[in-house]
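Residues per chain, in single letters:
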Amino acid sequence: ISGNRAENDDKTVGEYLMRSLGCPLTITNSVIRNNSAIRKSSGISIGSSTLTLVNVTFSTDKGLKFNTFLFGSADAIVKVENSRIEDTQGNAFKFTNSKLVTIKETQFTKCRGRRGGAILLESVSSFEMVSATFSDNAAESFGADIYALNTSEIKILDSKFLNINENGSIYAKGVQSFTLEETIFRHSKKESDSNLDIDFDDHDWKNGEF
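**Thoughts on the overall build of the protein chain**
Inference 1: In terms of helices and strands, the protein chain carries zero helices and 23 strands.
Inference 2: Taken over 210 residues, the protein chain has a buried fraction of 47%.
Inference 3: Intrachain contacts of the protein chain at a sequence separation of at least 6 include 71% that bridge at least 24 residues.

Structure, rendered in structure tokens:
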């Protein structure tokens, strides 16, 4: 899926390349690149439904600066596996009021955003990530890789955060439960603080490398 532009009839304001509301959507073995939209998502928007992505590549976002490849809202359930996301000029993935987000064996490279270079979570019920790799991502404010606000549960297992910029890797506020296991943080450029800036009610750190 390449070279498309989302527009309304007046050719001025476009929102999505693909949008799914209330209908399960599965995409496998696909490449989504060089698409654009005026706002929200130059890739996929999902709400009140289930989206499954397996072996999907998102690359070279030509949308406006703070677009995103994948936008999930309104009780969305999103599952991403064995995929690659690279060279975005907005949050690669943004989830607002989503119910469940799971990411496995996926790479995020050279993603840029205002808050959360690769992933932004706002009021998400549950976020779980296993065997993911983040490298060369950056944010203008907080969370070069992940920015989370008022998210009930976050689990990050067996993942790697590499080449972290001066804003640190993970920024999370209002998190009720945060689990971090078998996860590695390396090559941070942030001199004064740690790679994590997290406000949580309950946490569990196991066998990580900082």
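**Considerations on the packing of aromatic side chains**
Inference 1: With the rule as written, the count across this model stands at nine aromatic pairs.
Inference 2: Seen in terms of ring centroids, Phe134 and Phe161 are 4.7 Å apart; in terms of plane orientation they differ by 5 degrees. Their pairing is stacked. With Phe134 in strand β16 (residues 133-135) and Phe161 in strand β20 (residues 160-162), this pair connects stretches of sequence that are 27 residues apart.
Inference 3: On the accessibility criterion, Phe161 (0% relative accessible area) is buried.
Inference 4: Taken together, the ring pairs in this structure connect Phe58, Phe69, Phe93, Phe95, Phe108, Phe134, Phe161 and Phe185 into an aromatic cluster.
Inference 5: Above the ring of Tyr147, the side-chain terminus of Arg115 is found at 5.0 Å from the ring centroid.

**With respect to the confidence of the model for the protein chain**
Inference 1: Summarising the model, the protein chain shows a mean pLDDT of 80, and 70% of its residues fall at 70 or more.
Inference 2: Within the model, pLDDT remains below 50 along residues 8-15, and this stretch shows 16 contacts once partners closer than five positions in the same chain are excluded.

**Re the side chain of Ser83**
Inference 1: Mapped onto the elements, Ser83 comes out in the loop between β8 (77-81) and β9 (84-86).
Inference 2: Accessibility expressed as a relative area gives 5% for Ser83, which makes it buried.
Inference 3: At 3.0 Å, the side chain of Ser83 and the backbone nitrogen of Val56 are in polar contact.
Inference 4: Beyond its immediate chain neighbours, meaning those up to four positions away, Ser83 contacts Leu53, Val54, Asn55, Val56, Glu105, Thr106 and Gln107.

**Section: the pairing of β8**
Both faces of the sheet carry side chains from a regular strand, because those side chains alternate between them.
Inference 1: Because side chains alternate across β8, one face comprises the buried residues Val78 and Val80, and the other comprises Ile77, Lys79 and Glu81, none of which is buried.
Inference 2: Where strand β6 (residues 50-59) meets β8, five bridges bridge the pair, whose relative direction is parallel. Paired with Thr52 across the two strands is Lys79, which belongs to β8.
Inference 3: Direction of pairing for β8 relative to strand β11 (residues 100-104): parallel, over a ladder of five bridges.

**Let's talk about the pattern of salt bridges**
Inference 1: Using the criterion set out here, one finds three salt bridges in the structure.
Inference 2: In this structure, Glu86 engages Arg84 in a salt bridge whose closest nitrogen and oxygen atoms are separated by 2.7 Å.
Inference 3: The exposure class of Glu86 is buried, given its relative accessible area of 19%.
Inference 4: Taking the relative accessible area as the measure of exposure, Arg84 reaches 29% and is therefore partly exposed.
Inference 5: The closest approach of N and O atoms between Arg115 and Glu122, which form a salt bridge, is 3.1 Å.
Inference 6: Among the residues examined, Arg115 registers a relative accessible area of 28% and is labelled partly exposed.

Criteria and thresholds
Residues numbered from 1 in each chain as written. Predicted model: local features only at pLDDT ≥ 70, side-chain atom pairs only at ≥ 80, totals over all residues. Heavy atoms only, no water. Helix = DSSP H or I, 4+ residues; strand = E, 2+ residues; numbered from the N terminus. Buried < 20%, exposed > 50% of the residue type's maximum accessible area, 1.4 Å probe, protein only. Contact = heavy atoms within 4.5 Å. Phe/Tyr/Trp six-rings, centres within 6.5 Å; stacked < 30°, edge-to-face > 60°. Lys NZ or Arg CZ within 6 Å of the ring centre and 35° of its normal. pLDDT = per-residue confidence, 0-100. Polar contact = N/O pair within 3.5 Å; in protein donor to acceptor, adjacent residues only side chain to side chain. Pairing = 2+ DSSP bridges. Salt bridge = Lys/Arg side-chain N within 4 Å of Asp/Glu carboxyl O.

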